[in-house]
Protein chains: 2
Amino acid sequence: MSSQLDLVETTEAAPTRRGRRRRGGGDKAGGPELFPQKPFKQPRHIYKPVEAVSADELESIHEASMRVLEDIGIDFLHEEAKEILKAAGADVTPGSDRVRMDRAMVEELVGKTPEQFTVHARNPAHNLTLGGGHIAFSCVASAPNAVDRERGRRPGNQTDYRNFLKLAQFFNIIHCVMGYPVEPVDIHASVRHLDCVSDMIRLMDKVFHIYSLGKERNRDGLEMTRIAMGLSEEEFRKTPSVITIINSSSPLRLDTPMLQGLIEMARAGQVSVLTPFTLAGAMAPVTVAGALTLQNAEALAGIAFTQMVNPGAPMVYGGFTSNVDMKSGAPAFGTPEYIKAALVSGQLARRYNLPFRTSGVCAANTVDYQAALETTLSEWGAINGGGNLIKHAAGWLEGGLSAGFEKFITDIDLLQMLAEYLTPLDVSEEALAIEAIRDVGPAGHFFGTEHTQARYKDAFYAPIVSDWRNYETWQEAGSPIAYDKANTLYKKALEAYEAPALDPAIDEELSAFVAKRKEEGGAPTDF
Amino acid sequence: MSSQLDLVETTEAAPTRRGRRRRGGGDKAGGPELFPQKPFKQPRHIYKPVEAVSADELESIHEASMRVLEDIGIDFLHEEAKEILKAAGADVTPGSDRVRMDRAMVEELVGKTPEQFTVHARNPAHNLTLGGGHIAFSCVASAPNAVDRERGRRPGNQTDYRNFLKLAQFFNIIHCVMGYPVEPVDIHASVRHLDCVSDMIRLMDKVFHIYSLGKERNRDGLEMTRIAMGLSEEEFRKTPSVITIINSSSPLRLDTPMLQGLIEMARAGQVSVLTPFTLAGAMAPVTVAGALTLQNAEALAGIAFTQMVNPGAPMVYGGFTSNVDMKSGAPAFGTPEYIKAALVSGQLARRYNLPFRTSGVCAANTVDYQAALETTLSEWGAINGGGNLIKHAAGWLEGGLSAGFEKFITDIDLLQMLAEYLTPLDVSEEALAIEAIRDVGPAGHFFGTEHTQARYKDAFYAPIVSDWRNYETWQEAGSPIAYDKANTLYKKALEAYEAPALDPAIDEELSAFVAKRKEEGGAPTDF
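Criteria and cut-off values
- Residues numbered from 1 in each chain as written.
- Chains lettered and ligands numbered in written order.
- Predicted model: local features only at pLDDT ≥ 70, side-chain atom pairs only at ≥ 80, totals over all residues.
- Heavy atoms only, no water.
- Helix = DSSP H or I, 4+ residues; strand = E, 2+ residues; numbered from the N terminus.
- Buried < 20%, exposed > 50% of the residue type's maximum accessible area, 1.4 Å probe, protein only.
- Contact = heavy atoms within 4.5 Å.
- Areas by Shrake-Rupley, 256 points an atom, 1.4 Å probe, with all protein chains shown as cover.
- Lys, Arg positive; Asp, Glu negative; His and termini not counted.
- Charge placed at Lys NZ, Arg CZ, Asp CG, Glu CD.
- Core = buried A, V, L, I, M, F, W, Y, C linked by side-chain atoms within 4.5 Å.
- Phe/Tyr/Trp six-rings, centres within 6.5 Å; stacked < 30°, edge-to-face > 60°.
- Domains from an automatic or database assignment.
- Expected span 1.5 Å × (residues − 1).
- Pairing = 2+ DSSP bridges.
- Axes fitted to C-alpha atoms, helices over the stretch in contact; angles between N-to-C directions.
- Least-squares fit on C-alpha atoms with pLDDT ≥ 70 in both.
- Salt bridge = Lys/Arg side-chain N within 4 Å of Asp/Glu carboxyl O.
- Buried area = accessible area lost by both parts, 1.4 Å probe.
- Nonpolar A, V, L, I, M, F, W, Y, C, P; charged D, E, K, R; others polar.
- Parallel < 35°, antiparallel > 145°, perpendicular 65-115°, else oblique.
- Left-handed = near helix turned anticlockwise from the far one by under 90°.
- pLDDT = per-residue confidence, 0-100.
- Disulfide = S-S within 2.5 Å.
- Polar contact = N/O pair within 3.5 Å; in protein donor to acceptor, adjacent residues only side chain to side chain.

### Some points on the overall build of chain A
Across its full length, chain A holds 20 helices and 19 strands. Across the 527 residues that make up chain A, the buried fraction comes to 65%. For chain A, contacts bridging at least 24 residues in sequence account for 75% of all contacts bridging at least 6. For chain A, the computed accessible surface area is about 17600 Å², with 50% contributed by carbon and sulfur atoms. For chain A, the distance from the average site of its 53 positive side-chain charges to the average site of its 69 negative ones is 3 Å.

Right, dumping it as C-alpha cells:
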C-alpha cells in the first residue's frame, strides 16, 4: 500500500514539476510543489497560555516595577521628550535626565493603547493583526554577519541582505520582516536605510520595519512606506503600516535616537515595539524576577511616553529577558530561565492588554543539535507564553551575531510545524472513525481503508527538512544531516522566488524620493 | 568582570578536578565537577497542562472509545483471560476471542486503580512516585541497534547494553529504566532476561522494567526483583517495585504474552503500563481523533481487565499515538500531530485518574538539527501534556531502531533543562532586586554587584553539551558540533561511573536463582 500511495503522489506531481508552478511558492500554494506550503495565514493561539507565576506573584512583579518607576526613575536622554513628560505631569528632575512617573499615570497612559490592531502591508492579503490570539513570525534581524556552508561567515552585504528578503517573501510562514536580516555594511550608513527600505518595498509585499537611528531615518522610512502604500499623509496616520523596534539601553535608560523614534512613529500613528535588552546578570539583575522587574519598568515607561505624544498610538510590549553565561558574559538563549521569562512576559503583556513580542533564538554557532534545542525551547516560551509577534524566528544564530541561510530553512520547518500544531483537532464523528475501526477490525491495517484514502494527502504535516527515510536508504544517500538538506533547499527557494508586482507609479515615486534624499546626502551618521 | 568570575570558578574547581570526586557523579553532586548534576529528584508539574480539546470534545473521544468497547469489542488471545473476563461479567463471544464490555463496567473497574503510587527501588533514595504531579524520565528502551561515532551502528550486544545501564545509573536526571536500552542479541533468548535483569539489579539501584514475553519471564523477573528488594513474597505483593510495559497489538487485540504479563504483574501487585501502539494511518485511523479513540479503547480494556485480576493493582495509562509518513509508512515522531495526541492523551489519563506515560522520541537517523527538533517537540507534548512517566527520553534515534550514545548525552542536557524549567520562579522581595536596580542605576552593569555575587553560581542552568563560546573561539577549537562534544562526554561518564553497593547476601541469592534457572533451560523461546 505504501508504494501505491507513493505512485499516486508521483503521478499527480509530475505535470506541475515540469511546469512553471515548480518555481511558484509564495501564495501560489496548491498541488505538490518543490516546497509544499500552506497559504499565508497568521496562526492563532488556540490553547491557553502557560502561566509561570500566580496572579499574586505577577502583581509582585508589577508592583516592583512601579516602585522602580516611582522611586528610582528612568533616564530619558532627549530634551523634547523631557518637555513632553513634564507637560504630561511626570516628575522630571531639573538639570538631569531622570524622570519618575507614579503608577496611576503609568496605568492610565498604558490603558490608552489598542489591545489589538491591523498593520497594513502593500499587499492587503499580507496585512497583519497584532494582539489578541494572533501570531506573526518574522525572520532574523540585525545580524552583522551572514553565513552559509560554501561562503562561510562574512560581514553582511547587500546581496545577502536581498537574498534573505527573498526567502522571507517566498515562505508564507514568515509574516513580516522586523529589521534588516543582515546588516549590509557595503552600503554607506548615510544612505543604507534608503536602499534597504526600497528593497523591502520592492522585493517583498509583507509588513516591514524601519530602524530608529535618528529622526531623519524614521522620517525617510515613514515617507517611503506612505508612498508604497499609496496613501495621503492623513490616511497614513490612520493606517498603521510600518513597525520599529525600540531596545531601551538597560538598565534604566532611553537614548536619544530611541526617543526620537518613539516620537516620530507615535505622531505618524505607526507601530513601536518596546523591548528592553535585559540580560539577567549583565544589564539586569541576576535573578529572572529582577530582570523582569527591570524589563517591565522600562517597557512601560516607553509605552506610557508614546501615549503622551499621541494617545492611542499602537504599541507592542517586548520581552527579551534572558540570562548570560556567568563564566564568559556571553548571552544565552532558549535556556530554562529564558522560557520562564518569556512565559511571565506574556502574562505581563496580557495584564496591560498589549500585544506581546518575543523571539525564536539560540546561542549556537552552527545548525546542530544545540541550535534546534535552543530554538525550539525559545519557541516553547513564545507559543506557550502567548507571543503575538515572534521575532528572529528563522535564520538566527550565535545570539544574533549571524544570519544563517541553512538555519533559515530548518527554522521554516519548525515554524510550519508550530502553525500546524496550532490548528484545532478535528473531533467530528467522521474523525472519531468508529466505522473505520469496525471495518478494519482486530489485526487489520488502516492504509487501504476508504477513511484513509479520503484523507491521507492532507492528514499530516509533511516536513521540508526532516528526513524520514530508514537508516539504510539514508546511509546509501550519503547520511545527509538536516544542515545538508537545508543547504540545498535555501538555494532552490531563492531560484523559485518571484518578485511581487509593484504599481509603476509607486515605483517611480519611490525612486524619485530616494534619488532626492541621496542628493541631499542621506541621513547623519553620528547617531 | 567576566574574566574575574571565570577565575573564581577555575580556582574553586581546581582541587576537585584533581581529586577522586572528579569521577563522581551519581548522587555525589556538589562542587563543580566533570558533570555538574543536581541530586536525584523527580521534577513536578508546576504549570497547568495544556489542553488540546475542550471538556466536551474530550467526552466525545471517551464516548467513541466506549462505543468501540461496547459494540465492536477487543480480541483477548488467552483462554484464562477470557475466563476471568466472563466471570467478571464481560460479554465473551463463544468460540471466539472477541470481548465486549459496557461503559459502566469499564468505568467502575478503571476507578479501582490508584491515582498515585510509589514504585520502590532497591535504593530507597531512588523510589519513584508515579502519578499526581510527579515526573519520571527513563532512557531509550528496546532498540535493536546501538550506535556511536567510532563503532557505527551494530546489532545490540551485552557490552552496549551494560554501558547504557551505566549511563542511566550515572545521570541523576534518569529516574528509571523501562526496558533494555538496547537488545543484547548475543545472549540466547532463553536466558537473556536472567542476565539482563541481573545487570539491572547490579549495575543500577533505580527502578527497572521486566518484559512481558511469556509468563515464565514475568515470574523470573518478579522473583529476581523480590530478591533484590529483600522482601518476603507477601511484602513484595504490597510493594510495587517493578514495571512492565504492555503494547496492545493495535488494532483491537491483546496477545497471549501481554495478557499473561498483565495477569502475573497484577497478581504480584506490580505495575503495568498499558500503551497501545496506535500509529495513525497504519494500525490506527488516519485521523488523530480516531487514533486516540482506538488508543483509549485498547488502554481501558487492558486496564479494566487487570482490575478483575486484582482490584487496586497499580496501572499507568500509556499514550504513544503518532502518525506515519504516508509516502513510506515510516513512523514519524515529534510531529504536530504527535504533540496534539500527547496533550489529549494526558487529558484522557487525568479523566480516569491514572498516571500518564508518554515519550521523548524522534525519527532522525543521527544527532542533528532534526533529532533535537523532533525530540524537543516530543517533550513539548510530554511536559505540556502532564506526562508522569516519560519513556525513551535519552538516547532514542530512528523511531526506536537504534540507541545512540551521543544522543543519550544531548538528551541529558535537554532533560536537565526541562527539570530546571519545572522549578518555581523565585519572586521574593530579594529576587525582585529593587535595591540592586537602585544601586546600579542607569547605564550601570550588574556583574559586580553584591546581589549578583551572592547568586551567580547557581543562578542559571549550566549546560553540559551546549557550546556558548563565541564564534572565533569556537572556530579555533575546530568548530565542534553538539555531536562531537556528546561523543567525548559519554565516554567520560562511563569512566566516571561507579557501581552501586549491593548486599552480598542478595548478590548470592540472585546468582543462585539465575544459575538454577539457567540449569532448567531458562524460558521458552516460542513466545
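### Some points on the nonpolar core
Judged by nonpolar contacts, the single largest core of 341 residues is most densely connected at Met101(A), Phe171(A), Phe305(A), Met101(B), Phe171(B) and Phe305(B). Those residues in contact with Phe305(B) that sit more than four places away from it in its chain are Phe76(B), Ala81(B), Ile84(B), Leu85(B), Leu259(B), Leu262(B) and Ile263(B).

### Considering the packing of aromatic side chains
A complete count under the given rule lists 35 aromatic pairs over all chains for this structure. Relative to Tyr421(A), the ring of Tyr47(A) has its centre 4.8 Å away and its plane inclined at 45°; by these criteria the two rings are tilted. Remark: Tyr421(A) occurs in helix 13 (residues 405-421) and Tyr47(A) occurs in the loop between helix 1 (2-18) and helix 2 (55-72); sequence separation between them is 374 residues. Each member of the pair Tyr47(A) and Tyr421(A) is classed as buried. Centre to centre, the rings of Phe320(B) and Phe333(B) are 5.6 Å apart; their planes meet at 50°, and the pair counts as tilted. Here Phe333(B) lies in the loop between strand 15 (322-323) and helix 11 (336-351) and Phe320(B) lies in the loop between strand 14 (315-318) and strand 15, a separation of 13 residues in the sequence.

### Side note on the domain arrangement of chain A
Here the domain parsing of chain A yields domain 1 (25-45 + 111-423) and domain 2 (429-458). Put simply, the middle of domain 1 of chain A and the middle of domain 2 of chain A, counted by C-alpha atoms, are 43 Å apart.

### So, helix 6 (residues 189-203) of chain A
Because an α-helix completes one turn every 3.6 residues, residues spaced three or four positions apart along the sequence face the same direction. Counted at 1.5 Å a residue, the expected span for helix 6 of chain A with its 15 residues is 21 Å, and the 21 Å between its end C-alpha atoms agrees. Counting buried residues along helix 6 of chain A, 13 of its 15 residues qualify, which places the element largely inside the surrounding structure.

### Topic: the sheet that holds strand 1 (residues 74-76) of chain A
Residue and element names in this part refer to chain A. The strand order 2-3-1-11 describes an open sheet built from four strands, whose pairing is mixed. Both edges of this open sheet fall to strand 2 (91-92) and strand 11 (253-254), since each of them pairs with a single strand only. With two bridges joining them, strand 1 and strand 3 (residues 98-100) adopt antiparallel strand pairing. Directly across from Ile 74, in strand 3, lies its bridge partner Val 99. Helix 10 (residues 288-309) contacts strand 1 and strand 11 of the sheet and is inclined by roughly 40° relative to strand 1.

### Examining the relation of the copies chain B and chain A
Laying chain B over chain A is done by rotating through 180° and shifting 0.0 Å along the axis; what remains is an RMSD of 0.0 Å. Overall, the copies show the geometry of a two-fold rotation axis. Residue Tyr369(B), judged by its C-alpha, is the member of chain B lying nearest the rotation axis, at 2.3 Å. In this assembly the copies share their binding face: 100% of the residues contributing to the interface of chain B also contribute to that of chain A.

### Remarks on the pattern of salt bridges
Enumeration according to the criterion identifies 72 salt bridges over all chains in this entry. Residue Arg469(B) is joined to Asp467(B) by a salt bridge in which the shortest nitrogen-to-oxygen separation is 2.8 Å. With a relative accessible area of 8%, Asp467(B) lands in the buried category. A single salt-bridge network, built from bridges that share partners, covers Asp148(A), Arg151(A), Arg154(A) and Asp160(A).

### Here's the deal with the interface of chain B and chain A
The interface of chain B with chain A comprises 118 residues on the first partner and 118 residues on the second. When chain B packs against chain A, the two sides together hide about 10300 Å² of surface, and 70% of this comes from carbon and sulfur. Connecting chain B to chain A are four salt bridges. Close ionic contact of Arg153(A) with Glu472(B) constitutes a salt bridge, the shortest N to O distance being 3.2 Å. A total of 13 residues in the side of chain B that touches chain A trace back to one element, the largest contributor, which is helix 12 (residues 369-384) of chain B. Here the residues of the side of chain B that touches chain A are counted per class, giving 64 nonpolar, 26 polar and 28 charged.

### Comments concerning the packing of helix 9 (residues 256-267) of chain A against helix 10 of chain A
Residues and elements named next belong to chain A. The contact between helix 9 and helix 10 brings their axes to 9 Å, and the two run at 45°. Relative to helix 10, helix 9 is oriented oblique. Here the hand of the crossing between helix 9 and helix 10 comes out right-handed. Contact residues: Leu 259, Leu 262, Ile 263, Ala 266 and Arg 267 in helix 9; Gly 302, Phe 305, Thr 306 and Val 309 in helix 10. Its residues placed into classes, the contact of helix 9 with helix 10 shows six nonpolar, two polar and one charged.

### Remarks on the confidence of the model for chain A
In the predicted model, chain A carries a mean pLDDT of 93, and the fraction of residues at 70 or more is 93%. Counting contacts from residues 1-32 of chain A, a segment whose pLDDT is below 50, to residues more than four positions away or on other chains yields 49 contacts.

### Focus: the side chain of Asp199(B)
Residue and element names in this part refer to chain B. Its place among the elements puts Asp 199 in helix 6 (residues 192-203). The class for Asp 199 is buried, based on a relative accessible area of 7%. With sequence-adjacent residues up to four places away left out, Asp 199 is seen in contact with Gln 158, Tyr 161, Arg 162, Leu 165 and Met 204.

### Regarding unusual backbone geometry
Look at the link from Ser250(A) to Pro251(A): it is a cis peptide, with omega at 0°. By secondary structure assignment, the location of Pro251(A) is in the loop between strand 10 (242-246) and strand 11.

### Focus on the sheet that holds strand 7 (residues 145-148) of chain B
Ordered by their spatial adjacency, four strands build an open sheet running 8-7-19-18 (chain B), and the pairing between neighbours is mixed. Of all the strands in the sheet, just strand 8 (152-155) and strand 18 (396-397) of chain B have a single pairing partner and so form its edges.

### Things to note about the packing of helix 5 (residues 158-170) of chain A against helix 6 of chain A
Residue and element names in this part refer to chain A. Closest axis-to-axis distance for the helix 5/helix 6 pair is 10 Å, and the angle between their directions is 30°. The orientation of helix 5 with respect to helix 6, classified from their angle, is roughly parallel. The two elements helix 5 and helix 6 meet at a crossing, and its hand is right-handed. Along its contact with helix 5, which presents Gln 158, Tyr 161, Arg 162, Leu 165, Lys 166 and Gln 169, the element helix 6 presents Asp 195, Cys 196, Val 197, Asp 199, Met 200 and Leu 203.

### Considerations on the state of the cysteines
For the structure on display, the rule yields zero disulfides over all chains. Here Cys139(A) is not cross-linked by a disulfide; its sulfur's nearest cysteine counterpart is in Cys176(A), at 8.3 Å.

### Some words on the side chain of Ser241(A)
On the secondary structure map, Ser241(A) appears in the loop between helix 8 (233-237) and strand 10. Within the local environment of Ser241(A), its side chain forms a polar contact with the backbone oxygen of Thr239(A), the two atoms lying 2.6 Å apart.

### As for the environment of Ser322(B)
Residues and elements named next belong to chain B. The topology assignment puts Ser 322 in strand 15. Given the relative accessible area of 2%, Ser 322 is considered buried. Leaving out residues up to four positions away in the same chain, Ser 322 has contacts with Thr 278, Leu 279, Ala 280, Ala 332, Phe 333, Thr 335 and Tyr 338. Among the polar contacts listed, one links the side chain of Ser 322 to the backbone oxygen of Ala 332, at a separation of 2.4 Å.

### Considering the environment of Arg351(A)
All names here are of chain A. Along the chain, the position of Arg 351 falls in helix 11 (residues 336-351). A residue is classified by how much of its surface remains accessible, and Arg 351, at 27% relative accessible area, is partly exposed. With 169 residues separating them in the primary sequence, Arg 351 and Glu 520 have C-alpha atoms 46 Å apart. Apart from residues no more than four positions distant in its own chain, Arg 351 is found in contact with Leu 58, Glu 59, His 62 and Glu 107. Among the polar contacts listed, one links the side chain of Arg 351 to the side chain of Glu 59, at a separation of 2.6 Å.

### A word on the pairing of strand 7 (residues 145-148) of chain A
All names here are of chain A. Across the two faces of strand 7 the burial is the same, with Asn 145 and Val 147 and Ala 146 and Asp 148 all buried. Remark: three residues form the turn of the hairpin made by strand 7 and strand 8 (residues 152-155), two consecutive strands paired antiparallel. Direction of pairing for strand 7 relative to strand 19 (residues 402-404): parallel, over a ladder of three bridges. By the bridge assignment, Ala 146 is partnered in strand 19 with Ala 403.

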